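Now for the letters of each chain:
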Amino acid sequence: MTPPVLLRMMDGMEKAPMHPSDLITKHFRLVDAQKKALIKLGLLTLRDLLYHLPTRHIDAGKSSAIELAEDGERVTLYGQIEKTGTKKSFRGHVPMGEAVLRDKTGKMKLIWFNQAYMAKMVQPGDFVRASGTVKKRGATISLINPEIEKIPELPRDTGPSLFNEGGIDPEDRFLPVYPESRGITSRWFYHSIRRVTASGILTLLVDPIPSDVLLRYSLPSLATALVWLHAPREERHSLSARKRFAFEEIFFIQLERQQARMLYEQNPTFLITPDKKRVEEFVARLGFPLTDAQERAVNTIFADFASSRAMLRLLEGDVGSGKTAVAAATTFAAVTTRPSGQTYGALQVAYMCPTEILATQHFESFIQYFVGTGMTIGLITGSGCRKFPSKVNSGGWTDVSRTQFLKWVANGEIPIVIGTHALIQKSVKWKHLAYVIIDEQHRFGTKQRAKLVQKETGDATRAPHFLSMTATPIPRTLALTLYGDLDLSILDQMPSGRKPVITEIVPPGKRETVYEMIRAEIRSGRQAYIICPRIDEPDPDKEQALIAKSVKEEAKRLQEKVFPEFQIDILHSKMKPSEKDDVMELFAAGDTDILVATSVVEVGVNVPNATLIIIEGAERFGLAQLHQLRGRVIRSNHQAYCFLFSETKTDKTFERLKALTTAKNGFELSEMDLALRGSGELGGGRQWGISDIGMEAIKNLKMVEAAREEAKRILGEDISLTKYPTLMAQLEERTRSHFE
Ligand code: ADP
Ligand code: MG
């Protein structure tokens, strides 16, 4: 029994008026695990709690009953767990997990083969929702490998009576499911948020989105949207509310980026006037004609150079699409432009790379491109400084001291400076820094960029033009959001002469044909990768059609039954680094014909003679990952092939894999991937600082564009947002939390 004193205290807590900025701990008694969990989820105040949105809702109106389950039917059931346990089956080979689920109408077994841990995720007494395929053997009913999820409580009247007249109370029909964290349950959120919303707090919340914007896109107000998400009565209400929060998130990101852009653009910039004829001569000496895409990018940059505002542009192009040439041609234009009012000297260019190796590589390419133009090129990294041309070593470069180097940069004698982060340190002063190029560094922040604005004589400042280059293919909507402060140019074309990889989805019956092809290719001197989703032995339970091939087992099978005449080796992440090196060395030397591997070969593996890649269980990989894997075999002039084997035959899987055969490049593929995934499957947003709900907006180009336009319009009227105090306060708060 609860002691009376405690009861009174709890009573007191219930009644204390709630304010959005109150700490959660002021109103809720929490155990340590819960406190930690809330902190981990970033939830401190009641406002944060209200913004902890359900990922989805369980529709109690659609549940079924154990009694009614038919053999082979796919069902979703609600019930309470009675027992759990793990054991080994099939003569002790396969670990399995078991549980008993009971609802009003009966009980059944839940069985997980090879996923014994699933049984440990629930405990007797838990309420769950389980979805899977029913198996009936005599009186025993089981659900095989069900997906299972804990729920705060059972939908009222679970069981057949659900469908009787009257049905369920509409207020309880949609049960919100909250993102959980270790130590805190969806159930806790459900009850706590109910208490908060019931306290009258919603009237105290100020909607940060201006009402005319809400009206224009038919979005619900903040208070309405919160009710519609935490306690919807109709599905369309929760959908509409999600849309609003998705918009809100993208809108704030846009405000932040657009504001940074406008502030940057308030600085005067450098006028760069390319001499068309000299640029053409320069390009002609590169040794190849520019692709149409490169040409377009160069011309767009020239147009930006001619404007009175500093360029802020992102150049996206798959690996190998030739971004360096675009950088070189535009650099040439900048360094052949005289500083205004001068009849001598040159504007300066800074080219920043993420690593020393890359910086050194670019320094060397630039020497090749610029030799004979009379331009001086410098390299500055953590390990030292170099200058080209050298007085002592004609045609080459020399090492110079840092002090001397910095002096030459400061007086403008070195117009082209390539380097690592060392390039933007305070000690580096410039004479006329007019153009900054950032290679493969998409997270270069607006604050770092602001540092590049140079002091001119007196108090005047001048902002350099800015080009950021990246090979990470991301969908256009995501680019517009993350790089909302940058204009976008895309190199969607590879230099001519590169043969695209022939990619095919292989139906199960054609496996032998593909093996014959491998045989022929290897006989003619090539090598092959065979990628498997797993490392260890597969499940001997043959009923489990979904069990993926494993590296070890598959290598054994291939060696014994398919390719006894070839040298086969394996590679996976659990091997020691020295073992991996040995395997790679043998493969690179051509001693191994076939390398059976997990996706470890995705990065950094470069064996030009390998022209075939087979991917087993292809449906288990993301499209971007498949694209990377396929990239392993475009490293020579031999025709390369990629064969995708898939164990599931659903239309959705096929459609997804088909994107690999139709997409022109990584960007188009990332677009297709986004379009094909359902909401909730998007994930991956965290790495960009975008929540799951924000990622839903990323699927919607119209919404992203609307958020962008509204942000631009509002900032255009009032860049410091003094007329929108709520907006300003929340923007500040969000920006702070993003960067801490
Ligand atoms: P990335 O976009 O990955 O930075 P690079 O600029 O390094 O690509 O270019 C990759 C290779 O392609 C380089 O060897 C470069 O010389 C070559 N290249 C670039 N543009 C062309 C072109 N238009 N025609 C032929 N080869 C090109
Ligand atoms: Mg590059």
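Predicted model, so just to flag it, every value in this text is computed and none were measured.

Attention now goes to unusual backbone geometry. Omega for the peptide link from Phe 388 to Pro 389 comes to -5 degrees, which places this bond in the cis form. Even without being a glycine, Ser 218 presents a positive backbone phi close to 50 degrees. Turning to its location among the elements, Ser 218 is positioned in the loop between helix H8 (211–216) and helix H9 (222–230). Of note, the phi angle at Leu 721 is positive, near 60 degrees, even though the residue is not glycine. In this fold, Leu 721 is placed in the loop between helix H25 (701–717) and helix H26 (725–739). Overall, Leu 721 belongs to the buried group, its relative accessible area being 0%.

To describe a pair of aromatic rings, you give the distance between the ring centres and the angle between the ring planes. The full count for this structure, using the stated rule, is 19 aromatic pairs. Measuring from ring centre to ring centre gives 5.9 Å for Phe 251 and Phe 252, while their planes differ by 70 degrees; the resulting arrangement is edge-to-face. Look at Phe 251 and you get buried, because its relative accessible area is 0%. Overall, the relative accessible area of 2% leaves Phe 252 in the buried class. What links up through ring pairs into an aromatic cluster is the set Phe 282, Phe 332, Tyr 351, Phe 366, Tyr 369 and Phe 370.

Lining the immediate environment of ligand 1, one finds 14 residues, of which Pro 289, Gln 294, Gly 320, Lys 323 and Thr 324 sit closest. A distance of 2.9 Å separates a nitrogen atom of ligand 1 from a polar side-chain atom of Gln 294. For ligand 1, an oxygen atom lies 3.1 Å from a polar atom in the backbone of Gly 322. When ligand 1 is considered free in solution it has 570 Å² of accessible area, and contact with the protein chains removes 70% of it. Residues that form the shell around ligand 1 fall into these classes: five nonpolar, six polar and three charged.

Moving on: the pairing of strand E9 (residues 348–352). Side-chain positions along a regular strand alternate between the two faces of the sheet. Across the five residues that make up E9, a large majority, five, are buried. Of the two faces of E9, the one lined by Gln 348, Ala 350 and Met 352 and the one lined by Val 349 and Tyr 351 are each fully buried. Inspection of the sheet shows E9 paired to strand E14 (residues 433–439) by five bridges, in the parallel sense. Note on E14: the bridge partner recorded for Ala 350 is Val 436. Bridge count between E9 and strand E13 (residues 416–419): four bridges; the pairing is parallel. Across the sheet, residue Val 349 finds its bridge partner in E13, namely Ile 416.

For the rest of this paragraph, the subject is helix H11 (residues 276–284). Where H11 is concerned, the buried positions are Val 279, Phe 282 and Val 283. Take H11 and look down its axis: the buried residues cluster within an arc of 95 degrees, on one side only. Exposed positions of H11 whose direction lies more than 90 degrees from the buried face are Lys 277, Glu 280 and Ala 284. Residues of H11 that are buried sit in contact with helix H12 (292–305), helix H13 (323–335) and helix H14 (356–370).

A few words on the confidence of the model for the protein chain. Averaged over the protein chain, the pLDDT score is 84; the fraction of residues at 70 or greater is 88%. Taken together, the stretch residues 1–12 has pLDDT below 50 and engages in three contacts with residues farther than four places along the chain or on a different chain. A low-confidence stretch, residues 679–683 stays under pLDDT 50, and its non-local contacts, those more than four residues away or across chains, total ten contacts.

Time to look at the pairing of strand E23 (residues 610–615). Most of E23 is tucked away: six of the six residues are buried. Pairing of strand E20 (residues 527–531) with E23, which is carried by five bridges, proceeds in the parallel orientation. The residue bridging Ile 531 from the neighbouring strand is Ile 615, located in E23. Both E23 and strand E24 (residues 641–645) contribute to a ladder of four bridges, which runs parallel. Within the sheet, the bridge partner assigned to Leu 612 lies in E24 and is Tyr 641.

What counts as what
Residues numbered from 1 in each chain as written. Chains lettered and ligands numbered in written order. Predicted model: local features only at pLDDT ≥ 70, side-chain atom pairs only at ≥ 80, totals over all residues. Heavy atoms only, no water. Helix = DSSP H or I, 4+ residues; strand = E, 2+ residues; numbered from the N terminus. Buried < 20%, exposed > 50% of the residue type's maximum accessible area, 1.4 Å probe, protein only. Phe/Tyr/Trp six-rings, centres within 6.5 Å; stacked < 30°, edge-to-face > 60°. Near = heavy atom within 4 Å. Polar contact = N/O pair within 3.5 Å; in protein donor to acceptor, adjacent residues only side chain to side chain. Areas by Shrake-Rupley, 256 points an atom, 1.4 Å probe, with all protein chains shown as cover. Nonpolar A, V, L, I, M, F, W, Y, C, P; charged D, E, K, R; others polar. Pairing = 2+ DSSP bridges. Arc of directions from axis to C-beta. Contact = heavy atoms within 4.5 Å. pLDDT = per-residue confidence, 0-100.

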